[in-house]
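# A structural walkthrough
Each chain, written out:
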Amino acid sequence: FFFPLVTHLGDAGVIWIALGLSLLIPKKTRRCGLAVLISLAITFIVGNVVMKNLIARPRPFIVYPDIELLIAPPSGFSFPSGHSSSSFAAATTLFCFYKKPGIAALVLAALIAFSRMYLFVHYPTDVLAGSMLGIFLALTVCCILHKTDKQTV
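Described below are features of the structure shown in this document. These numbers come from a predicted model, not from an experiment.

A word on the pattern of salt bridges. Counted by the stated rule, this structure contains 1 salt bridge. Here Asp126 makes a salt bridge to Arg57, at a shortest N to O gap of 2.8 Å. A residue pair is termed long-range when its members are at least 10 positions apart, and Asp126 in helix 7 (residues 124-152) and Arg57 in the loop between helix 3 (30-55) and helix 4 (60-63) qualify at 69 residues. By relative accessible area, Arg57 is classed as partly exposed at 25%.

See the structure below:
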């Protein structure tokens, strides 16, 4: 019951997109919201569009068809995990701006990432690579935004 629910929080990055859009509303958090959405977009392009199609790794339930899944089988390739990359991209970006909410988001990102292995739709290396990709790209976006802030002052 628990991990199918958690994994669906990361479906299509909807929870993270909603977070980014909601942060755009107040002027005080607008820059963070923009950074979250940019991080998500770049992570999607690099991970889901480029890497998944280049590597073309089949999902574990395809390789081991005797395993009964607790969720509907996802389509597409396995490496890297899109749920993990988008979750860690958004959570890391939020952490760069706001530490306490960022920690909560990182815990949720870790739960979503773990759920992908638990539910047998990703290998551990898919989740690790997706998580690292999301963290790296989010830190890159935050670093670039921080440098542009210093240049405009």
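So, on to the nonpolar core. Among the nonpolar cores identified, the biggest contains 15 residues, and Trp16 and Val36 are the most heavily contacted of them. Looking at this core, the elements that each hand over two or more residues are helix 2 (14-24), helix 3, helix 5 (82-97) and helix 6 (99-118). With residues up to four places along the chain from it excluded, the contact list for Val36 reads Trp16, Gly20, Leu23, Ala90, Thr93 and Leu94. One finds Phe3, Phe61, Leu69 and Leu119 within the second-largest nonpolar core, a separate group that totals 6 residues.

Right, let's talk about the packing of aromatic side chains for a bit. All told, the structure shown has 6 aromatic pairs when counted by the stated rule. Pairing Phe2 with Phe3 gives two aromatic rings, centres 5.1 Å apart and planes at 70°, and the pair type is edge-to-face. Look at Phe114 and Tyr118: their rings are 6.3 Å apart centre to centre, the planes differ by 40°, and that puts the pair in the tilted class. Here the residue Phe114 and the residue Tyr118 both occupy positions in helix 6, the gap between them amounting to 4 residues, near one helical turn. Phe114 sits in the partly exposed class, given a relative accessible area of 39%. Taking NZ or CZ as reference, Lys99 lies 4.6 Å from the ring centre of Phe95, over its face.

Calculation notes
Residues numbered from 1 in each chain as written. Predicted model: local features only at pLDDT ≥ 70, side-chain atom pairs only at ≥ 80, totals over all residues. Heavy atoms only, no water. Salt bridge = Lys/Arg side-chain N within 4 Å of Asp/Glu carboxyl O. Helix = DSSP H or I, 4+ residues; strand = E, 2+ residues; numbered from the N terminus. Buried < 20%, exposed > 50% of the residue type's maximum accessible area, 1.4 Å probe, protein only. Core = buried A, V, L, I, M, F, W, Y, C linked by side-chain atoms within 4.5 Å. Contact = heavy atoms within 4.5 Å. Phe/Tyr/Trp six-rings, centres within 6.5 Å; stacked < 30°, edge-to-face > 60°. Lys NZ or Arg CZ within 6 Å of the ring centre and 35° of its normal.

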